[in-house]
Amino acid sequence: MGVDEPGKPPAVPPHGFIPALEGLRAIAALGVLVTHVAFQTGATAWPVLGRGLGRLDMAVAVFFALSGALLWRPRAEAARGLGREPKLRVYLRSRVVRILPVYWVVVVAVLVLLPEAGAGWKLWLSNLTLTQVFTPYGLTGGLTQMWSLSVEMVFYLLLPLFAVGLARLRTSWRVPVLLIAAVASLCWAYLPIDTPDGVHTDTWMPGYLSWFVAGMLVAEAAAAAAVIAARGAGAVSGPERWVLAAGRRRWSMAALATIAFVASSTDLAGPEGLIRPEPWQFSAKIALGALIGFGLVAPLVLRTDRHLLLDHPATLALGRWSYSIFLWHLLVLGAVFPIFGIPAFSGRFLIVLVATAAISIVVAAASYALIEEPVRRRFARPRPRPRPRPAGTGIADAPAATTATTARN
């Protein structure tokens, strides 16, 4: 099951660039694309398979867990005396440079090119500032997927405050407190929050905190593994060892994620289509998403396995472009229907899917080369090229990068 031999410290990749996580981003971005194509072609109405296609929006949980794991890990290590936390100025700059420039280009393109997207200064302002989930009817055609990016941005802003709060705790309390926060967030849908028409609290960050916590727990386990390697198993608490042992069980985690996804494809996680779920269904969906995120991310961070699919050069390329795939694919999808003369919600799922995926990938590759990478080179610190990885490992010696939900969510 992938458990370490007795007496040996857990083998965990060092804090750095993990190729398999880049590959996982690619899979998650394509999952978001597929679920939107399925909805707009009517494929979500298919028996059995349609529900699964419609629930591929759970890929957002993977994006959030990735953000939690990658952004929290240096703070988890710093809390254990294994390094320093990133400077706040550097951290915020990296998030702004990573997320906003290409996002602004997409927003302008959609609001200019898609008449159905709407108009008005409030719509422009809310989308350009990622506050559309707090603005009545701020989520508009071609940009509806950006709700998750707004959630990610709020998490980015709050993460340093989370770090300050947990820094005052003993390390043995960090995992229990995060678990308590994750469970408490499941009550979000039950809070009687009065909002204007066109604003829904089920697109606000507190409701999705457990998806981020799933990744933060992975980061805590990785930091605990480093402590075990340096000081012995007695230097970490029971909850830390439990999370580490559970997360390293590759096949158990795969089964957990699979079962959670299948369960999320039923009415347990809400009805089919755009019907808003009952509070208990929303809470169930969030809980299942947290299990999916943890089950998929933990083994990639806590083990050193190589992955034939996730480490493949083609998958890694898609991972680099995944943020732009996420950003552009709805605009591309809106253009595919008239190009091929196919009315929306009239079927032709495979044709629309292949065309949307192919064009989105080409557009995303150009977007990465012309916008993302030049901006990063201009404003962010240089990122060393990954060195050739040693045989038998699944890592390369280069800094980590993360994205949105939806970012590369």
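Just above sits the structure.
What this report covers is the structure whose coordinates are included nearby. (Residues numbered from 1 in each chain as written. Predicted model: local features only at pLDDT ≥ 70, side-chain atom pairs only at ≥ 80, totals over all residues. Heavy atoms only, no water.)

Quick word on the pattern of salt bridges
Reasoning step 1: Taken as a whole, this structure holds 14 salt bridges when the rule is applied.
Reasoning step 2: One salt bridge in this structure joins Arg377 and Glu373, with 3.2 Å as the shortest N-O distance. With a gap of 4 residues between them, Arg377 and Glu373 both fall in helix α13 (residues 349–379), about one helical turn apart.
Reasoning step 3: Residue classification places Glu373 among the buried positions, given a relative accessible area of 14%.
Reasoning step 4: The structure contains a network of salt bridges with shared partners spanning Arg80, Arg174, Glu220 and Glu240. (Salt bridge = Lys/Arg side-chain N within 4 Å of Asp/Glu carboxyl O. Helix = DSSP H or I, 4+ residues; strand = E, 2+ residues; numbered from the N terminus. Buried < 20%, exposed > 50% of the residue type's maximum accessible area, 1.4 Å probe, protein only.)

What to know about the packing of aromatic side chains
Reasoning step 1: Using the criterion set out here, one finds 13 aromatic pairs in the structure.
Reasoning step 2: Taken together, a centroid distance of 5.5 Å and an interplanar angle of 80° make the contact between Trp46 and Phe349 edge-to-face. In this pair, Trp46 sits in the loop between α1 (19–41) and α2 (49–54) while Phe349 sits in helix α13, placing the two residues 303 residues apart along the sequence.
Reasoning step 3: With centroids separated by 4.4 Å and ring planes inclined at 10°, the aromatic side chains of Phe64 and Phe212 adopt a geometry described as stacked. Here Phe64 is found in helix α3 (residues 59–79), whereas its partner Phe212 is found in helix α8 (residues 209–231), with 148 residues between them in sequence. Assigned by exposure class, Phe64 and Phe212 land together as buried.
Reasoning step 4: Within the aromatic cluster, the residues linked to one another by ring pairs are Phe64, Trp147, Phe155, Phe162, Tyr208, Trp211, Phe212 and Phe282.
Reasoning step 5: When the ring centre of Tyr91 is taken as reference, the NZ or CZ atom of Arg75 above it lies at 4.6 Å. (Phe/Tyr/Trp six-rings, centres within 6.5 Å; stacked < 30°, edge-to-face > 60°. Lys NZ or Arg CZ within 6 Å of the ring centre and 35° of its normal.)

Digging into the packing of helix α9 (residues 238–247) against helix α11 (residues 279–302)
A pair of packed helices is characterised by two quantities: the angle between their axes and the separation of those axes.
Reasoning step 1: Taken N-terminus to C-terminus, the directions of α9 and α11 make an angle of 95°; their axes are 8 Å apart at the nearest point. Classified by the angle their axes make, α9 and α11 are roughly perpendicular. Residues Val243, Leu244 and Gly247 of α9 pack against Phe294, Ala298, Pro299 and Leu302 of α11.
Reasoning step 2: Among the residues forming the contact of α9 with α11, the class breakdown is 6 nonpolar, 1 polar and no charged. (Axes fitted to C-alpha atoms, helices over the stretch in contact; angles between N-to-C directions. Parallel < 35°, antiparallel > 145°, perpendicular 65-115°, else oblique. Contact = heavy atoms within 4.5 Å. Nonpolar A, V, L, I, M, F, W, Y, C, P; charged D, E, K, R; others polar.)

A look at a positive patch on the surface
Reasoning step 1: A cluster of basic side chains, namely Arg84, Lys87, Arg89 and Arg93, defines a positive patch on the protein surface.
Reasoning step 2: By the element assignment, Arg93 lies in helix α4 (residues 88–113).
Reasoning step 3: Its relative accessible area of 31% is what places Arg93 among the partly exposed residues. (Patch = residues over 30% accessible without salt bridge, like charges linked within 9 Å, V, L, I, M, F, W, Y side chains within 5 Å. Areas by Shrake-Rupley, 256 points an atom, 1.4 Å probe, with all protein chains shown as cover. Lys, Arg positive; Asp, Glu negative; His and termini not counted. Charge placed at Lys NZ, Arg CZ, Asp CG, Glu CD.)

So, unusual backbone geometry
Reasoning step 1: Within the chain, Phe345 stands out as a residue other than glycine whose phi angle is a positive 65°.
Reasoning step 2: Topologically, Phe345 is positioned in the loop between α12 (313–340) and α13.
Reasoning step 3: The class for Phe345 is exposed, based on a relative accessible area of 52%.
Reasoning step 4: For Arg348, which is not glycine, the phi dihedral falls at a positive 65°.
Reasoning step 5: Summarising the element assignment, Arg348 is placed in the loop between α12 and α13.
Reasoning step 6: Overall, Arg348 belongs to the partly exposed group, its relative accessible area being 49%.

Comments concerning the environment of Ala255
Reasoning step 1: Along the polypeptide, Ala255 turns up in helix α10 (residues 250–264).
Reasoning step 2: Expressed as a C-alpha distance, the spacing of Ala255 and Leu296, which sit 41 residues apart in the sequence, is 9.8 Å.

A short note on α8
Turn by turn, an α-helix covers 3.6 residues, leaving residues three or four places apart pointing in a common direction.
Reasoning step 1: Taking 1.5 Å per residue as the helical rise, α8 with its 23 residues ought to reach 33 Å, and the 32 Å between its terminal C-alpha atoms agrees with that figure.
Reasoning step 2: Across the 23 residues of α8, 19 count as buried, placing the element largely inside the fold.
Reasoning step 3: Looking one or two places after α8, you find Gly232, whose phi comes out positive at around 100°. (Expected span 1.5 Å × (residues − 1).)

Here we look at the packing of α3 against helix α6 (residues 147–167)
Reasoning step 1: Put simply, α3 and α6 touch, their axes get as near as 11 Å, and they point 30° apart. Of the possible angle classes, the one that applies to α3 and α6 is roughly parallel. Considering how the two elements wind past one another, α3 and α6 form a crossing that is right-handed. Contacts from Val60, Phe63, Phe64, Ser67, Gly68, Leu71, Trp72 and Arg75 in α3 reach Trp147, Ser148, Val151, Glu152, Phe155, Tyr156, Leu159, Phe162, Ala163 and Leu166 in α6.
Reasoning step 2: Among the residues making up the contact of α3 with α6, the classes are represented as 13 nonpolar, 3 polar and 2 charged. (Left-handed = near helix turned anticlockwise from the far one by under 90°.)

Remarks on the nonpolar core
Reasoning step 1: If you look at the biggest cluster of nonpolar residues, it comprises 116 residues, and the most contacted ones within it are Trp72, Tyr103, Trp211, Val297 and Leu327.
Reasoning step 2: It is α8 that provides the largest number of residues to this core, a total of 16 residues.
Reasoning step 3: Residues within four places of Val297 in sequence aside, it is in contact with Leu21, Leu24, Val62, Ala65, Leu66, Ala69 and Val218. (Core = buried A, V, L, I, M, F, W, Y, C linked by side-chain atoms within 4.5 Å.)

Considerations on α11
Reasoning step 1: Spanning 24 residues, α11 covers 34 Å between terminal C-alpha atoms, matching the ideal 34 Å at 1.5 Å per step.
Reasoning step 2: Taking burial as the measure, the 24 residues of α11 include 19 buried ones, the bulk of the element.

Structural notes on the environment of Trp321
Reasoning step 1: With respect to the helices, strands and loops of the structure, Trp321 is situated in helix α12.
Reasoning step 2: Spatially, the C-alpha atom of Trp321 lies 7.5 Å from that of Ile361, the residues being 40 residues apart in sequence.

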